[in-house]
Amino acid sequence: MVVLGIMSGTSLDGVDLALVNLKESKSKLEFTFLKTKTVAYSKNWHKCLKCAHELEAKALNILSEDYGNLLATTIKSFLETCSEQPDLIASHGHTIYHNPSESYTLQIGNGPYINAITGVKTICNFRVQDIALGGQGAPLVPIGDALLFSKYDYCLNLGGFSNISMKENDLRIAYDICPVNIVLNHYVNSLNLEYDNNGEIASTGTIETNLLEELNELPFYNDVKPKSLGYEFIVETIFPIINKYNLKTKDILRTFVEHIAMQIAKKIESNSSKTMLIAGGGAYNGFLIERLQSYTKTQLIIPNDEIINYKEALVFALLGYLKNEEKNNCLKSVTGASKNHSSGIIYNA
């Protein structure tokens, strides 16, 4: 089946589109990227999405409709350049709220718009059912790690947040570890830069040990699994802690990079026979990878650019495929839901 996977992450880089061919034979799934593209957000859309959590209900509903139209027209333009057309579109949408402890999550991006404008069956809203079943609604990517990347001992994503998945006692487990690019990019934006290229600015900074210690002692890091993070955690907890130290940007970046490396290293076995696949934009942050490697003997594997940039879009294509086949795409061992289940809402007017 040819499936178009759509992903928009909390780092607000843009809309990732991955047209993939998924082939299943003898219970084994294989994938081929047919075409990929990232469509950057305009400055206005970047601002709108970044501030959307502050909106009142009516304004948020209007934004969701507008964003659904943006996704639909972006997808239609992309498909006009493709030699193959999808049997199915699977869209993550864009997360505005995610607070499973209070039983709610919200991803905007109107599925019916995408279906109506493209004429292709569309599956979206993958997280709500899991929360209704008592789960975290996240992370959802580990089903892809289990089915497509099982040869690695660990799969790590370095996006807006870091999350990890692994096999433990014959079960796939996964959870969010800590914020990454959503914090690093926020502070480097003050230098009129989108991101810290290769971690070069962070590498020139100095660690503020008191800040590092305070970050490492946050209760979230001692919470039992499963667990997941949302933007609320950044606004309410991380930014206030960092800002009270009144540091230079380079020192904030340097300290937070060390925090990220330390938190990730705590979650993996330090063993040279183990391998960890790293995807997401943070895989290009050479300084962060260097600091992480300094804490562990585990082999850090940086894959090709398509997997780094489009692994999440690929996995949402897989989630859509599994939903369409009425197969489980959410694992209770990962999210804490009451049962494995097939999540997502299908629109096929």
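Refer to the structure presented above.
Calculation criteria
- Residues numbered from 1 in each chain as written.
- Predicted model: local features only at pLDDT ≥ 70, side-chain atom pairs only at ≥ 80, totals over all residues.
- Heavy atoms only, no water.
- Axes fitted to C-alpha atoms, helices over the stretch in contact; angles between N-to-C directions.
- Helix = DSSP H or I, 4+ residues; strand = E, 2+ residues; numbered from the N terminus.
- Parallel < 35°, antiparallel > 145°, perpendicular 65-115°, else oblique.
- Left-handed = near helix turned anticlockwise from the far one by under 90°.
- Contact = heavy atoms within 4.5 Å.
- Nonpolar A, V, L, I, M, F, W, Y, C, P; charged D, E, K, R; others polar.
- Polar contact = N/O pair within 3.5 Å; in protein donor to acceptor, adjacent residues only side chain to side chain.
- Salt bridge = Lys/Arg side-chain N within 4 Å of Asp/Glu carboxyl O.

Student: Help me get a handle on the packing of helix H10 (residues 249-265) against helix H11 (residues 286-294), residues and values and all.
Tutor: H11 packs onto H10 with a crossing angle of 45° between their chain directions and a minimal axis gap of 9 Å. Between H10 and H11, the interaxial angle falls into the category oblique. With respect to the hand of their crossing, H10 and H11 are arranged in right-handed fashion. For the pair H10 and H11, contact is made by Arg254, Val257, Glu258, Ile260, Ala261, Ile264 and Ala265 and by Phe287, Leu288, Arg291 and Leu292, respectively. Looking at the contact of H10 with H11, its residues break down into 8 nonpolar, no polar and 3 charged.

Student: Lay out unusual backbone geometry with the relevant residues and their values.
Tutor: Look at the link from alanine 138 to proline 139: it is a cis peptide, with omega at -15°. Inspection of the secondary structure assignment puts proline 139 in the loop between helix H4 (128-132) and helix H5 (142-148). Positive phi, close to 55°, is recorded for asparagine 125, a residue that is not glycine. Looking at the secondary structure, you find asparagine 125 in the loop between strand E7 (122-124) and H4. Phi is positive for asparagine 198, close to 60°, though the residue is something other than glycine.

Student: How would you explain the side chain of threonine 122 if you had to name every residue and give the values?
Tutor: With respect to the helices and strands, threonine 122 occurs in strand E7. Here valine 120 takes part through its backbone oxygen, which lies 2.9 Å from a polar atom of the side chain of threonine 122. Setting aside residues no more than four positions away along its own chain, threonine 122 makes contact with Ile89, Gly111, Ile114, Asn115, Ile345, Ile346 and Tyr347.

Student: A description of the pattern of salt bridges should follow, citing residues and the corresponding values.
Tutor: On inspection of all chains with the given rule, the structure shows 6 salt bridges. Through salt bridges with shared partners, a single network forms among Arg254, Glu258 and Arg291.

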